[in-house]
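If you want the building blocks of each chain, they are given just below.
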Amino acid sequence: MIAATAPIPAIRLGNGVAIDMPVLLAPMAGVTDGVFRGLCREAGAGYATTEFARDEALLRGVRQQLDLTDLHVDRRPVGVQIFGADPETMRRAAAGVMATVAPDVLDINMGCPAPKVTNGQGGSSLLRDPDRAVAIMRAVVAEVAPAPATVKIRVGWDDPHRDSGIAVDLARRLEDAGARMITVHGRTRQQRYEGLACWDTIAAVAEAVAVPVIGNGDVQSPADVLHRLRTSGCAGVAIGRGARGRPWLFGQIAAAVRGEPVPPDPELPARLALGLEHVRRQVAYEIACLDADPANERKARATIEGLADGRALGHLLPHVMWYVWGAPGANEARRVLSKARTAVELGDILADYAAHPEAYHRREDAREVPARAESPATGA
Ligand SMILES: Cc1cc2nc3c(=O)[nH]c(=O)nc-3n(C[C@H](O)[C@H](O)[C@H](O)COP(=O)(O)O)c2cc1C
């Protein structure tokens, strides 16, 4: 528990790994890539892991999955998250990750609700197969030691399963198997990402185990963080959707946790400047990745830059949409952004919107674009 003015205890995972700010970026596939993780860590997030990568695909050398584990622009400490259903395959995949990218922490996903994951008995289906979950934990812990292995779970498969106390039972067993930190997403598998997270169950897990527990679900503001840190018994909290398009949220939260005045939300020009910086970093990231690949050695600079631009576009599009969300003229800006064919065009549009926001507002009025209900914080 933390009082706003008390010194902030670091979360210690062993092997010298310490998380100094107890507010983490929750992994989100397709969102929390290396560049976004970097922006959140610079803003004040204490820690991040990669989005999950499939164990078998890593072992087969599937490029797209290996790329998910790239840490070359990450701040340390950083974790790599993997998922799978077979202890030996998970052990071998963990060994491969440690040997190639040497994360500070190896995290196991036991929370993903997607049928393509749970049908293969990975992700949240492990909540219903605790023996298998524990065997995976033990195998990975032994493989990555002395580096810490951690795990992310949900509170149950469905409401009755949650109410049976599965999260507490499983967390105790995972701790016994060597997990050094347990993140608990307070929704059931049946809820997917809807409805409210059950913080009572998260608190029960935090009470039941000695290792640090990170609570997760519905945390979107400095006030939410302070409330959860004070009342749940968790060592930290993780923020997922609330961080989309708002890396600065971590700076606001870090200030609140330290008992300092919370900076206001940035105005549109600062948000767009951050969007432009995001575009610049993503393109630079892709160029660095292409340059590091010997297959591209003979390619001309212009070819590399063109390839990098195309790769960056896919990563950037959702982010730039989130950066502009809610601002006057944002619907028009989003309409124009959605037509961009290159990352350079995305940057040009953001710069144009920053220079002439009133023009976007006027065009939006003229078009009578219907207001969109979607917000980046809820994804609803
Ligand atoms: C688009 C999306 C992708 C996600 N991908 C992952 C993932 O790769 N690994 C993981 O452990 N959780 C994943 N999650 C779950 C989040 O980490 C988090 O537990 C969940 O969004 C609840 O937190 P929130 O209410 O703050 O969003 C994902 C969530 C979303 C919305």
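Preceding this section is the structure that the text describes.
Residues numbered from 1 in each chain as written. Predicted model: local features only at pLDDT ≥ 70, side-chain atom pairs only at ≥ 80, totals over all residues.

> Tell me about the environment of Gly242, and please be specific about residues and values.
Within the element layout of this structure, Gly242 appears in the loop between β10 (236–239) and α11 (249–258). Judged by C-beta crowding, with 20 C-beta atoms within 10 Å, Gly242 ranks as buried. For Gly242 and Val219, which are 23 residues apart along the polypeptide, the C-alpha to C-alpha distance reads 6.8 Å. (Helix = DSSP H or I, 4+ residues; strand = E, 2+ residues; numbered from the N terminus. Buried ≥ 20, exposed ≤ 12 C-beta atoms within 10 Å, placed from the backbone.)

> Can you explain the packing of helix α6 (residues 130–144) against helix α8 (residues 166–176)? Please cite residues and give values.
Packing of α6 against α8 leaves a shortest axis separation of 9 Å and a crossing angle of 25°. Between α6 and α8, the interaxial angle falls into the category roughly parallel. Judged by the sense of rotation from one axis to the other, the crossing of α6 with α8 is right-handed. Of the residues in α8, those in contact with Pro130, Ala133, Val134 and Met137 of α6 are Leu170, Arg173 and Leu174. Tallied by class, the residues present in the contact of α6 with α8 amount to 6 nonpolar, no polar and 1 charged. (Axes fitted to C-alpha atoms, helices over the stretch in contact; angles between N-to-C directions. Parallel < 35°, antiparallel > 145°, perpendicular 65-115°, else oblique. Left-handed = near helix turned anticlockwise from the far one by under 90°. Contact = placed C-beta atoms within 7 Å. Nonpolar A, V, L, I, M, F, W, Y, C, P; charged D, E, K, R; others polar.)

> Could you give an account of the sheet that holds strand β5 (residues 78–83), naming the residues involved and the relevant values?
Taken in spatial order, the 8 strands of this closed barrel run β3-β4-β5-β6-β7-β8-β9-β10, and their pairing is parallel. Across this sheet, the average inter-strand angle for adjacent strands is 25°, counted without regard to direction. In this sheet, strand β6 (residues 105–110) lies alongside β5 in parallel orientation, the contact comprising 4 bridges. Looking at β6, one finds that Val80 is bridged to Leu106. (Pairing = 2+ DSSP bridges.)

> Run through unusual backbone geometry, naming residues and quoting values.
Omega for the bond connecting Arg76 with Pro77 falls within 30 degrees of zero, at -5°, which places this linkage in the cis form. Along the chain, Pro77 falls in the loop between α3 (63–68) and β5. Across the junction of Ala145 and Pro146, the peptide omega takes the value 10°, indicating a cis bond. Even without being glycine, Gln121 reaches a positive phi, approximately 70°. Phi is positive for Asp218, close to 70°, though the residue is something other than glycine. Relative to the elements of secondary structure, Asp218 occurs in the loop between β9 (213–216) and α10 (222–231). For Asp218, a count of 19 C-beta atoms within 10 Å translates into the label partly exposed.

Function cannot be inferred from these measures alone, as they are strictly geometric.
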